Every structure is written in structure tokens, then in C-alpha cells.
Amino acid sequence: MEIGVRVLMAFLFHQIVYVDGMEEGGREACVPGFQVKNYQVAYNGPFLKDQPLIQVEFDDCAGNKNATFDVSDPSFYVDADLNLAPQRDVVDSQPVLFIHGVSAHADDIAQVEITGLPLQVNTLRDIMRLEQRLPYRSKRSLFAPPMTVTENQRGPFPRVLGRLEVSTTDLAGNIAEGPVMLVITVIDQNDNRPIFKEAQYTGEVLEGSPTGTTVMTMTAFDADDPGTDNAALRYSIIRQSPNKPFPNMFHIDAERGDIVTVISPALLDRETLPTTTYELEIVAKDMAGSEVGLTGTATATITITDKNDHAPEFTHPLFEAHVPEGSTGVVINLSIDDRDDPATGAWRAIYSIISGDPTHSFEFQTNPDSNEGMLSVVKPLNYEATAFHTLLVKVENEDPLVPGVSYGPSSTVAVHVIVEDINEGPVFFPDPLHVTRNENIPVGSFVATLNATDPDTRTIQSIRYAILRDPAGWLGVNPVRGTVNTSAALDRESPYVHDNKYTALFVAVDNGIPPASGTGTLIIHLEDFNDNAPYVVPSVAQVCEDAHDMNVAIVGGWDKDLPPNAAPFKIELGKQPGLDKTWKISRVNATHSQIMLLQSLKKANYQLPLLITDSGMPPLSNNTEVKVQVCICKKNKKICSSAHSHFSSLLVMLATLLLVLLCL
């Protein structure tokens, strides 16, 4: 244990001092009083008022309730936080202060030594003044000789340490009061072994490091008195595993614990050593390493780390790959040999193409597990264009090589890529093929000529054409010449036509083994022809029989054709005689007209004949009818006839009108 100093205050004139048993290693139960008896404060100038100098450690083992403190120099006091502080600015101070702490459970004294004070010559008056400031109004300094006791003594306890003779009188002959300070020194025994912070330590050293390179520092601690050999430690290596190439590859500084290399840089080669990890058993011994010292052990694991002192080399002088034309993906893996540490930048490879790839059809990636270079085709190769490629490839490490090491010829290799011919399908040009035709051309009319060529220019093959998709069934194709003709009437208004365009798909097949095919698209832009008569909407209109407004409805014209074969429309009454006596048609705009009644009609359904004509050349007309329902209207309710239209009523009305006219 560390050396212990116990300070006792003797209050009796003749007193025997005993010692109680102490626990192993100097640990004690709570002892009321100052836990530290001696303090030091450095004097660096005047002590300022209320500025804490030091915090004392006082514990009465009961919470320090109502504890009070007196200082031998009234210029100082102890505050509630146990800080010693001056009550005023103090320029000069006594070299020793005594603090007397008292509570219901403790009565103890601590000493504070002030160092660095300017040299002073104390007069008898000063000495007497100091004595007057001591606790308990001590008139004269009392002295008790120090005592010693060895730790870990065996009982029985209590044990007599010595006897105090203390007796003095003041100037008046009265017996002086205590207390007197008694210093008991506990002598340390070597009862604590050195202990390492950790049982296992790890360190690294770079291969090729100079002899004497520090790898790590081992540190152990000893709880014994640091001022004695009980805590004076010495370090040594007692085992190296493995012990090859020789058993003393490392050395440890006996006092500092620094582990350094002994092996020469040339032999500290990671690639030639039998292992890259060495285990050392380290012993720390106290008593300065003497035979009677206690020991503690720990293990140090040292890893020889890699540096990039080996360039990668290809395992073959030439690599060859066969690639079907038109394909992509990995075509070959290039293998290398690198003696550096795997999974490090000194081992990981980077591949690049120096020459032979002007179209950037190839690229490299590194396999992270095997470190192989994976050559891939990223743009399909064409056998007819180039059947053979020669690539010059180099390999490097992620980390730069160490000085003195360079990439040699084996770090470069040629790769032959042989493109294999495959039967490629015919290719249409242009694709899609656009043509424009009128929708009214006769059946059998020429539409277009398809053009498909075979990419296999090194072989002679024939091509035949066929229809792959013809939604409306309007077309036919000559299988040899590729000419497309109509096999039915083209209709721009067909649901198979979108945005005036009709799309058909054709296939061209060569006679290779096996045959190959290609597809092409034909888009026919259809021009409009006036082949659709216009019609009127809506086909039903309603009017109240007693309505004051004789406007029946506004009707519009619609035509499937495009301008100028559609609007403007001419809407007029049918050719039946007498219609103009009851009905009137007025044009509103180019597409709509207003139907009006010239006289009231009774509740019934009437069929009004109309004639609508478009603006095409030649124009198309359409005779149509609009059902006019004359209804009885009451507030928000409209009652209309659900029967068929009254043609007879209309005829009777017309006959009556004719009779009236004849009578006139």
C-alpha cells in the first residue's frame, strides 16, 4: 500500500498509543475527522480576500452536521464547502496553519504548510503571537516524537506502539493544555502485484521499418508505495510466438515498457515471414526486477502491416476471348498475382485499357473477392465491321508503390477478342417508313415499297416479306419485291386510324441457318375525301304549347370529314309543301341554325323534315328529321306526349291550309 501518515492529537500528560488492525491493502472503515491531515499551499503573492486556497477533507462519518472549524491564524477561515480562504487580503502569513474541526462525532486537527513564503526573521514576540493563535489557547508548542507501524500486522489488537511523555507549564506555572500533534507513519509492505490495464494489447508495425521502431508501450500499475522499490517496475519479454525466424525479434525497455523492433528492415518482410502476427508474453516485476519481486503478465499481439512493395503481375502473357457479335457483358476474367496483403490498397487492382478500343466498346471492373479484372463488352460488336480486336491492358494498385519498386512488363498484357459471326436478321430502312395516300384510292393501288437489308454482308442471303400486323386488313405485300398495295378501300374515318395515320407492321426473313428475321413499320398518312354526309344534332327538341317564345331549338351540323369537306353547313326545311307556313329556319353561324314556330301547336310529337348540306366539292346532303315535342308546361313541370309523332295531324293541318287558300 502507499505510505500512510496518521496524525493523532494527545490530550493526556501520560498516554499510551495503540494501533487497531487495518484491512488488507490499507483500506479502513470510516474514521471521524480529517481524512487528509497534511496540506500544502504555494505562496505566489498576497492571498486575496475570500479566494479559496485549498479544500480540506473532513468527515465525522455522520454527515458533518453542525461541524465548526477554527484556524490558528484568525486571518483565515473554513467556509461551508470546506474551503480554506482568507478573511482579508493577507500579505504575510505564518508558514504553518492549524485547522481544528469539531462536531458531535469528531474532534480533529489538520496542518496546512504554506510554501514559498519570503524569508522572515521572527522575533520572540512573533513566536509568542503564533503560540497564542494555536487552538485551545496553547501557550507553548508541544512536541511528540513520531512513531511508525508496519502495515498488515497480525493481532491481537490493540497493540502498543509507544508511550507519550508530555508535560509542560506556562509562565505562571500552570500545566499547559493540549492538544499535541502525533505523527504515526505506516510502513509499506510489498503486498500488491503489478497489474496491467488490459490483459491483451495489440499493436502494428509496418514491414521494412528500421530497427528500433517503437511498436507499442506496455504500462502496468502497482498499488504499493511509489517511493519504494515495492512499486518500482521492470518489464521483460518471456515468450515470443512463433519464435521464427529468430526468437528475439522485439525488445522491451525495462523501465519505460516500450516495445521496439530488433529485426533488420530487410528481414521484416511481410511476404517472407512465416506469419504476419506475433504474440509476446510480457512480465512486469516490482522490487526493481529483483528475484523477490511480485509479477504481473499481459499479452502483446503485434501485426506486421503491409506496404505496397510488390507490383501486380499477370499470370499469363496473353489472354484470348471469343464474343458472339451483338452480345454484351463479361467476356473474360484476367488473373494476376500480387504478394501484398489482400483486402488492402496495396493488393486491390485497377485495370485499364491502354490501346485497341477507339470506340470505347470495352470496360473493366475488378472482382472484389478474387481481384481479377472482368473485361466486359458494353457496346455490341459487329463481325462484319471488325472480326478481331487486340487490347493492351495494364494493371495497377490502388495505393502507389513504395520508392524503388515499379511496374514491370508483367503488369501489362495483350487481350485478343475474337468476334464470332451470327446470322443477324434483316434491317428495315427507313424504319418507320412514312407515306401519304388519299383515302379514296382504288383497291389494288400502290402504297409503298419496303426496303430491308441483311447485315451479314459476308454471306449472300435472300429476303422475303410478310405482313405481321394489318389491323383493318387493307394491305397486301409482294413477298419478294416488298411492294405494298391496297387490298380494300382505305377509310380515314375508320376506328383503326388515329390522328389520320394508319400503322401496319411487316416482317423480313432471310434464308440463313437458322433463319433470322427483322420487323419494320409502315405509317400511312390518309388525306380526307368528302365521303361522309353531314347530320343534325340534337334529334329531339321540346317546346311549350302556350309559350310566348316561338324559338324551338338550335340545331348544329356534324360531319366525319375534315374541312373543307365539312362546315360551313346549310340547314333548311325539307321539300314537303306547306312546312314554311308553320316552321322557320334561321342561320346562327357556320355550323348551327335556329328552329322557330310561326304559330302555336297543340300538345303532340311532330317530325320536322330538314335538309343539311356540307361544303365539300362536290357537296353532300342528308335528309333528316328532328322530333319536336309540344308539351304542356305547368310551373316547373313539363308534360309531353310519349306517343309517336303525329304525321296525320300535320297532314290535316296542311290540308286545311290548302282548303282555305283555295277558298280565297
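No experiment lies behind these values; they were computed from the predicted model shown. (Residues numbered from 1 in each chain as written. Predicted model: local features only at pLDDT ≥ 70, side-chain atom pairs only at ≥ 80, totals over all residues. Heavy atoms only, no water.)

Asker: Help me understand the overall build of the chain in this model?
Answerer: Across its full length, the chain carries 2 helices and 50 strands. Nonlocal contacts in the chain, meaning residues at least 24 apart in sequence, comprise 68% of its contacts between residues at least 6 apart. Carbon and sulfur atoms make up 54% of the accessible area of the chain, which totals about 36,400 Å². (Helix = DSSP H or I, 4+ residues; strand = E, 2+ residues; numbered from the N terminus. Contact = heavy atoms within 4.5 Å. Areas by Shrake-Rupley, 256 points an atom, 1.4 Å probe, with all protein chains shown as cover.)

Asker: Where do I start with the sheet that holds strand β9 (residues 83-86) in this structure?
Answerer: Two pairing modes exist for strands in a sheet, parallel and antiparallel, and in both the strands are linked by backbone hydrogen bonds. The 3 strands lie next to each other as β5-β9-β8, forming an open sheet whose pairing is antiparallel. Looking along the sheet, the strands with just one partner apiece sit at the ends: β5 (54-55) and β8 (76-78). With 3 bridges connecting them, β8 and β9 associate as antiparallel partners. Paired with F76 across the strands is P86, a residue of β9. (Pairing = 2+ DSSP bridges.)

Asker: Looking at this structure, how should I read the packing of aromatic side chains?
Answerer: Any aromatic ring pair is given by two values, namely how distant the centres are and how the planes are angled relative to each other. Per the counting criterion, the structure on display carries 13 aromatic pairs. Note on F196 and Y235: the rings are 6.2 Å apart at their centroids and 55° apart in plane angle, and the pair reads as tilted. A residue pair is termed long-range when its members are at least 10 positions apart, and F196 in strand β15 (residues 195-196) and Y235 in strand β19 (residues 234-241) qualify at 39 residues. Of the two residues examined, F196 and Y235, each falls in the buried class. (Phe/Tyr/Trp six-rings, centres within 6.5 Å; stacked < 30°, edge-to-face > 60°. Buried < 20%, exposed > 50% of the residue type's maximum accessible area, 1.4 Å probe, protein only.)

Asker: Whenever I open this one, the pattern of salt bridges confuses me. Can you help?
Answerer: Should the charged atoms of two oppositely charged side chains come close, the side chains can pair. Applying the stated criterion across every chain yields a total of 11 salt bridges. The partner of R239 in a salt bridge is E281, with the nearest N and O atoms 3.1 Å apart. Here R239, found in strand β19, pairs with E281, found in strand β22 (residues 277-285); they are 42 residues apart in sequence, far enough to count as distant. Take R239: its relative accessible area is 31%, and that puts it in the partly exposed class. Taking relative accessible area as the criterion, E281 reaches 22% and is therefore assigned partly exposed. Linking R492 and D528 is a salt bridge whose minimum nitrogen-to-oxygen distance equals 3.2 Å. (Salt bridge = Lys/Arg side-chain N within 4 Å of Asp/Glu carboxyl O.)

Asker: Before we go on, may I ask you to explain the pairing of strand β4 (residues 38-42) in this structure?
Answerer: The side chains of a regular strand alternate between the sheet's two faces. Where burial is concerned, the two faces of β4 differ: the one with Y39 and V41 is buried and the one with N38, Q40 and A42 is not. Both β4 and strand β11 (residues 107-115) contribute to a ladder of 5 bridges, which runs parallel. Bridge pairing links V41 to I114 in β11.

Asker: Can you help me understand the side chain of N83 in this one?
Answerer: Relative to the elements of secondary structure, N83 occurs in strand β9. Other than its neighbours up to four places away in sequence, N83 contacts P52, I54, Q55, Y77 and V78.

Asker: Explain the state of the cysteines here, please?
Answerer: Here, disulfide denotes a covalent bond that connects the sulfur atoms of two cysteines. For the structure on display, the rule yields 3 disulfides. Note that C544 is cross-linked by a disulfide to C633, the S-S spacing being 1.8 Å. Between C544 and C633 the disulfide shows an S-S torsion of about -90°. By sign, it is left-handed. With C544 in strand β43 (residues 540-544) and C633 in strand β49 (residues 621-634), this pair connects stretches of sequence that are 89 residues apart. Through a disulfide, C631 is tied to C640; the S-S separation comes to 1.9 Å. What sets the handedness of the C631 and C640 disulfide is the S-S torsion sign, and at about 105° it is right-handed. What links to what in the chain: the bonded cysteines, counted in sequence order, pair as 1-2, 3-5, 4-6. (Disulfide = S-S within 2.5 Å.)

Asker: It is not clear to me how the pairing of strand β21 (residues 258-261) should be interpreted in this structure. Could you clarify?
Answerer: Burial of the side chains of β21 extends over both faces: D258 and V260 are buried on one face and I259 and T261 on the other. Two strands pair when backbone bridges link them, and strand β17 (residues 214-217) and β21 are joined in this way by 3 bridges, in the antiparallel orientation. Bridge pairing in β21 links T214 to V260. Of the pairings in the sheet, the one linking strand β20 (residues 250-252) to β21 comprises 3 bridges and is antiparallel in character. For F250, the partnering residue across the bridge sits in β21 and is T261. The antiparallel hairpin formed by β20 and β21 contains 5 residues in its connecting segment, where G257 sits at a positive phi of about 80°.

Asker: So what exactly am I meant to see when it comes to unusual backbone geometry here?
Answerer: Excluding glycine, residues mostly carry a negative phi; peptide bonds, for their part, are mostly trans. Here the residue pair I513 and P514 is connected by a cis peptide bond, since its omega of -5° sits within 30 degrees of zero. Relative to the helices and strands, P514 is located in the loop between β40 (501-510) and β41 (517-527). Following V537, the chain continues into P538 via a peptide bond in cis, with omega recorded as 0°. With respect to the secondary-structure elements, P538 resides in the loop between β42 (535-537) and β43.

Asker: Any chance you could explain the sheet that holds β22 here in plain terms?
Answerer: A sheet is described by the order of its strands in space; here 4 strands give the open sequence β16-β23-β22-β19, paired in mixed fashion. With partners counted over all chains shown, the strands left at the sheet margins are β16 (200-206) and β19, one partner each. Pairwise comparison of adjacent strand axes, ignoring direction, gives a mean angle of 30° for this sheet. Pairing analysis gives 7 bridges linking β19 to β22, with the strands arranged antiparallel. Of the residues in β22, the one forming a bridge with Q240 is L280. (Axes fitted to C-alpha atoms, helices over the stretch in contact; angles between N-to-C directions.)

Asker: How should the side chain of T299 be read in this particular structure?
Answerer: Relative to the elements of secondary structure, T299 occurs in strand β23 (residues 295-305). Ignoring any residue separated from it by four or fewer positions in sequence, one finds T299 in contact with A199, Q200, Y201, E279 and L280.

Asker: Would you take a moment to explain the confidence of the model for the chain for this structure?
Answerer: When pLDDT is low, close inspection of the predicted coordinates is not appropriate. Confidence in the prediction of the chain, expressed as mean pLDDT, is 84, and 86% of residues score 70 or more. The low-confidence segment residues 22-27 (pLDDT under 50) makes 15 contacts with residues lying over four places distant or belonging to another chain. Between residues 121-141, whose pLDDT stays under 50, and residues either more than four places distant or in other chains, the model counts 34 contacts. (pLDDT = per-residue confidence, 0-100.)

Asker: For this particular structure, what's the right way to read the environment of F319?
Answerer: By secondary structure assignment, the location of F319 is in strand β25 (residues 318-324). With 72 residues separating them along the chain, F319 and L391 place their C-alpha atoms 9.7 Å apart. If we ignore the near neighbours within four places in the chain, the residues touching F319 are F314, I332, N333, L334, S335, V413, A414, V415 and H416.

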